[in-house]
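Next come the chains, spelled out residue by residue.
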Amino acid sequence: MAVSNLPSSTDVVVIGAGVVGLGIAWRLAQRGARVTVFDKDAAGQGASHAAAGMLAACAEAEPGEEALVALGRASQRMWPAFAAELRDATGIDVELREEGTLIVALTADDQARLMHDLAFQKGLGLPLDWISAAEARRREPHLGPRLAGAIVSPEDHQVDNRKLAAALRAAAEAAGVLVRERTAVARILVAEDRAAGVVLADGSHLAAGAVVLAAGAWSRQIEGIAPEVLPPVRPIKGQMVALRMDAAAPLIRHVVWGPNIYMVPRNDGRLILGATVEEKGFDKALTAGGVLSLLEAAWRVVPAIEELPVDEMWVGHRPGSRDDAPILGPAPIRGLVYATGHHRNGILLAPITADAVARMVLDGTVDAAIRPFGMERFARAPAAVAAEKVGVELA
Ligand code: FAD
Ligand code: GLY
């Protein structure tokens, strides 16, 4: 059965219209590929809508994640040009704010923990520094009376992730991408060991030269390929709260982290508080405990938030992989490419993912930056096909 209003074939199908899928589709279309993106819901309403928009390659760096830090830093460097290109292409400003981040210690124990992290982070050459409580308060006068000092991370910025999703969609469509919303992909069509297109939930199908699996936390729900070929991605629930500040006199201007909390001030006066990290499957419930923990942790850092009205509360599902790093690269089935598992960093990693995956699909090259993130790192996964076998011939 052919799909109404769709061609019978396309060069590339992208499953998932989050920032990952839309970014890849945009880059593919800029190079002349015919691209169709499917989303089971409205575009950009998954984790890409739920996120805080931090570009925290340095502040979130943890031992064991050296390759991920390098990927994050490379993507972080791409952000100013990426945001400018999106604005030129669409007129949408994704509000890249460059005040940087403060990571606050309230107690001597917090300070000891942060100093331990700082030693590791500085060992990687990351530009982080300890500042005194007085200096932290000079930068953010509304920090509370309990303050031992802070780490300043001058290159960890933020964007408005909801505007980013809208901008990527507009840019992709302007470049010729067909975005089909509320159209779930049920199955990947495999013919002669090659991904040959997709079957939609209504039974219709679309033939394609390549399929990019960018379905975020839902990436294992697609049928048609063996379980061991599905990327090991699971939902990691996060609850969020937005308060409303006076946009003309915001309580904070930097992204501020404290124990069990981050706070992200937006241009429109919203103050995003996040986030819980919960292994609860696709549970969508906001809980009293989750919201209480965010508000209390934020209040300990900036007591003046208690006067602010609550603007919104929501839940999102991070696409978490087994090692918390993204899964990027060719699958064991020719023509199938993974772009999923971005966990806590999908907004940060959107620019580098878009470029690298588009190159992989069209040129069959796997950039050095994404080589550590292939599916083959999970020992029991079948070996990926050689990258050059992914490259699609454009019609
Ligand atoms: P998504 O945005 O979830 O998109 C996947 C899409 O696939 C969805 O729209 C879904 O509807 C669609 N889909 C699923 N199944 C199907 C199907 N069968 N057929 C068709 N479509 C399908 N990252 C940062 O870098 N900085 C942050 O500050 C940050 N904060 C976060 C805070 C929270 C609370 C959460 C939840 C995440 C946060 N993240 C952050 C992580 C970031 O949001 C994700 O890594 C990123 O959005 C993943 O993008 P994606 O496109 O892969 O997934
Ligand atoms: N990176 C922030 C979060 O995932 O909550």
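Placed above this text is the structure.
The residue count restarts for each chain, going from 1 along the sequence in the order it is written. As they are written, the chains are lettered A onward and the ligands numbered 1 onward, keeping that order. Since the coordinates come from a predicted model, pLDDT governs what is reported: local features require at least 70, and pairs of side-chain atoms require 80 or more to be given and counted, while whole-chain, interface and lining totals use all residues. To obtain the side-chain values, all non-hydrogen atoms of the structure were included, while hydrogens and water were left out.

Quick notes on a nonpolar patch on the surface
Then comes step 1: Taken together, the side chains of Leu286, Val310 and Met313 define a hydrophobic patch exposed on the protein surface, amounting to about 240 Å² of accessible area.
Then comes step 2: Secondary structure elements follow DSSP: runs of H or I no shorter than four residues count as helices, runs of E no shorter than two count as strands, and numbering proceeds from the N terminus. Inspection of the secondary structure assignment puts Val310 in strand S16 (residues 310–321).
Then comes step 3: Relative accessibility under 20% of the residue-type maximum defines a buried residue, over 50% an exposed one, and the middle range a partly exposed one, all with a 1.4 Å probe and only protein chains included. The partly exposed category is assigned to Val310, whose relative accessible area is 47%. Without a salt bridge and with relative accessible area above 30%, a residue can belong to a patch; like charges are then joined within 9 Å and nonpolar side chains (Val, Leu, Ile, Met, Phe, Trp, Tyr) within 5 Å. Computed by Shrake-Rupley with a 1.4 Å probe, the accessible areas treat only the displayed protein chains as cover when residues are assessed. Salt bridges are defined by distance alone: a side-chain nitrogen of Lys or Arg within 4 Å of a carboxyl oxygen of Asp or Glu.

Remarks on the site of ligand 2
Then comes step 1: Around ligand 2, the surrounding shell consists of Met54, Glu60, Tyr262, Ala275, Arg318 and Arg344.
Then comes step 2: In protein, a polar contact means a hydrogen-donor-capable atom and an acceptor-capable atom, both N or O and within 3.5 Å, with residues adjacent in sequence counting only if both atoms are side-chain atoms; elsewhere, any N or O pair within 3.5 Å suffices. Here a nitrogen atom of ligand 2 and a side-chain polar atom of Glu60 are 2.9 Å apart.
Then comes step 3: Between ligand 2 and Arg318, the relevant distance is 2.7 Å, taken from an oxygen atom to a side-chain nitrogen or oxygen of the residue.
Then comes step 4: As a working rule, the residues Ala, Val, Leu, Ile, Met, Phe, Trp, Tyr, Cys and Pro are called nonpolar, Asp, Glu, Lys and Arg charged, and the rest polar, with Gly in that last group. Per-class residue counts for the shell around ligand 2 are three nonpolar, no polar and three charged. By convention in these notes, a residue is near a molecule or strand provided one of its non-hydrogen atoms lies within 4 Å of it.

A few points about the site of ligand 1
Then comes step 1: Taken together, 38 residues form the shell around ligand 1, and within it Asp39, Ser48, Met54, His343 and Arg344 come nearest.
Then comes step 2: One of the side-chain N or O atoms of Ser48 is found 2.5 Å from an oxygen atom in ligand 1.
Then comes step 3: Contact with the protein chains covers 98% of the free accessible surface of ligand 1, which is 1,000 Å².
Then comes step 4: Of all elements in the fold, only helix H1 (19–30), helix H2 (47–50) and S16 reach the threshold of two or more residues within the shell around ligand 1.
Then comes step 5: Here the element with the most residues in the shell around ligand 1 is S16; it accounts for four residues.

By themselves, these are just geometric observations and shouldn't be taken as functional.
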